[in-house]
Amino acid sequence: MNVASRLPGMSATSLAERPATSAKPAFLGFGLGLRHQHYDEILNGDPPIDWFEVISENYMLPGGQPLRTLDRICERYPVVMHGVSMSIASTAPPNLDYLQALKDLAKRVEPKWVSDHLCWTGVHGKNLHDLLPIPYTQEALDHVVSRVQLVQDFLGRAIVLENVSTYVQFNNSEMTEWEFLSELSRRSGCWLLFDVNNVYVSAFNHGYDPLTFLNGIPADRVVQFHMAGHSHMGTHIIDTHDHPVCEDVWELYAAALKRFGRVSTMIERDDNIPPLDELLLEVARTREMAEQVLSAG
Amino acid sequence: MSNFARQQAAFQRGILDGDETVLAEILDSPREKRDVLFGVYRYAYGSRLVEAVRNDHELLHRYLGDEAFDEMGHAYVKACPSRHPNVRWFSQGLPAFLKSAYSRHPELAELAALEKALNDAFDAKEGRVVELTDMAGFAPEDWSSLRFRPHPSAARLELATNAAAIWLALKNDETPPEATTLDDPARLLIWRQDVTPMFRELPAEEAMMWDEAANGIPFGVLCEMLATYDDPDNAAGRGAGYLHGWITAGLLTDVSVGA
């Protein structure tokens, strides 16, 4: 399929290196991932949450309660769309039906930004529904840059990409993950979602200092932090998002605040979902820590 | 094929088929061997998708129990890899898979089909709901040519087993009845009322009337058809009664005077 032919006014040759010119998204404050277990409490109360991140695919549906609830959330709070299936680094042809559904949802939600992960989820028509790792090669970088540009042209907005937790590294990598992310952002114009927990997990799994990763990311490209929990297996850490944020990750968050400054931050819990009050304590801590670190200069 | 594409294909084969070729391109970590680390992806693939099926088929899970459900789930994951980027649609093929792979237990496929129908009704397309007051606008002489359009969430299902009774017992935390084949199939109508998925069993003549109404047959003809099922003298009354039930349940999205 000729993908460029489905982009208005685009040709394959015009998909050259061309950073998106959109302005850096504004700071939203301290937010939470929206989960259906908390719908009623949020809509019937007034929890101290500045904004919500929603999983895009949970609302890429024909209708019913999820979309009706999302509409009500959008009336009250700023919302950011976070996807898990864009498969931006896949070598399979881009799934334009998926992108159209994402674009339709964005039209409804009017999110402050649309994010996904620097990963792939499958090839040859199959979806593994996982955030799979890539080799950090020039070939992969060129491919992902052109794919990000295509998606940004299709959606009509710069996207935000997140570093994923990885369990393996490829022996043909030619650069570090942070060099790859920095170049990707510089060349494509995409913004970065710095997942503090994922940096911690990958640094442990691959044996590098998370501060080296942190200091390798350009400070002006980061628009969002994720904070989450994980499961420690002794020899490696699995990014399960089913625990509270651990103290080491809070410490890395403080370092991230020092480097990146005031960045929209959220607590991301995907499994073993606790009562809302428990997550509000973590949201409050992101706020307090940011005030503390940033006021200290 | 680029080297990147070749590597992704090998990585995917490693997860789906247990092919170890890709391990030659992966590094050991300072603390762990590469096969263990790659195993995180292999394990996560199966467990994540079985969990997705479990979430969609809570009562089938309860009926089978953990062990049998996991075995069935992994067999489904193996036989029917996900083709859709949204995991919401992964378990759509489960009733067909069970019909073929568990053909000696037809109640499993039908229990899954009922859960699937309810899931589909839950997030089906929105549609206007016809109210009883809308019907007052039609002149008496128009009634015989009224045509009806079902709400987008409405669907019909015919079950050869007592899967609906099994569903009901499981839903109420009761011991389900023994699975049996019914003498006469159960005719179910599934839909969403406001935000809640519902189903009910239809008598044979109401099922006929619903199916024909959904095909665009006007009310006058529907009543003539009802007359062949039971007492012809009160066929129109029975038809009006069924129609009243559909409207109060939010089952219709449009009523119009058709040619």
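Residues numbered from 1 in each chain as written. Chains lettered and ligands numbered in written order. Predicted model: local features only at pLDDT ≥ 70, side-chain atom pairs only at ≥ 80, totals over all residues.

(A) Structural view of the interface of chain A and chain B. Taken together, the contact between chain A and chain B spans 41 residues of the former and 41 residues of the latter. A breakdown of the residues in the side of chain A that touches chain B according to their chemical character gives 15 nonpolar, 21 polar and five charged. (Contact = placed C-beta atoms within 7 Å. Nonpolar A, V, L, I, M, F, W, Y, C, P; charged D, E, K, R; others polar.)

(B) Just helix α9 (residues 204-214) of chain B, in detail. Residue and element names in this part refer to chain B. Those residues of α9 that sit buried are Glu206, Met209, Trp210 and Ala213. The arc that holds every buried residue of α9, seen down its axis, measures 100°, which confines them to one face. Residues of α9 that are buried in the fold lie against β1 (146-150), β2 (155-161), β3 (181-193), α10 (219-227) and α11 (235-248). Directly beyond the C-terminal end of α9, a positive phi value near 95° is found at Gly216. (Buried ≥ 20, exposed ≤ 12 C-beta atoms within 10 Å, placed from the backbone. Helix = DSSP H or I, 4+ residues; strand = E, 2+ residues; numbered from the N terminus. Arc of directions from axis to C-beta.)

(C) Representation of the pairing of strand β4 (residues 114-117) of chain A within the structure. All names here are of chain A. Here β4 shows a buried face lined by Val114 and Asp116 and a second buried face lined by Ser115 and His117. Here strand β3 (residues 79-82) runs beside β4; their pairing, made up of two bridges, is parallel. Paired with Met81 across the bridge in β4 is Val114. When β4 meets strand β5 (residues 160-162), the two strands line up parallel, connected through three bridges. (Pairing = 2+ DSSP bridges.)

(D) Spatial organisation of the environment of Leu99 of chain A. By the element assignment, Leu99 of chain A lies in helix α3 (residues 96-109). As a C-alpha pair, Leu99 of chain A and Leu184 of chain A span 85 residues in sequence and 20 Å in three-dimensional space.

(E) Structural view of the environment of Asp66 of chain B. Residues and elements named next belong to chain B. Positionally, Asp66 belongs in helix α4 (residues 66-79). Take Asp66: there are 10 C-beta atoms within 10 Å of it, and that puts it in the exposed class. For the pair Asp66 and Arg54, spaced twelve residues apart in the sequence, the C-alpha separation amounts to 9.7 Å.

Take it as geometry only, folks, not as evidence of what the structure does.
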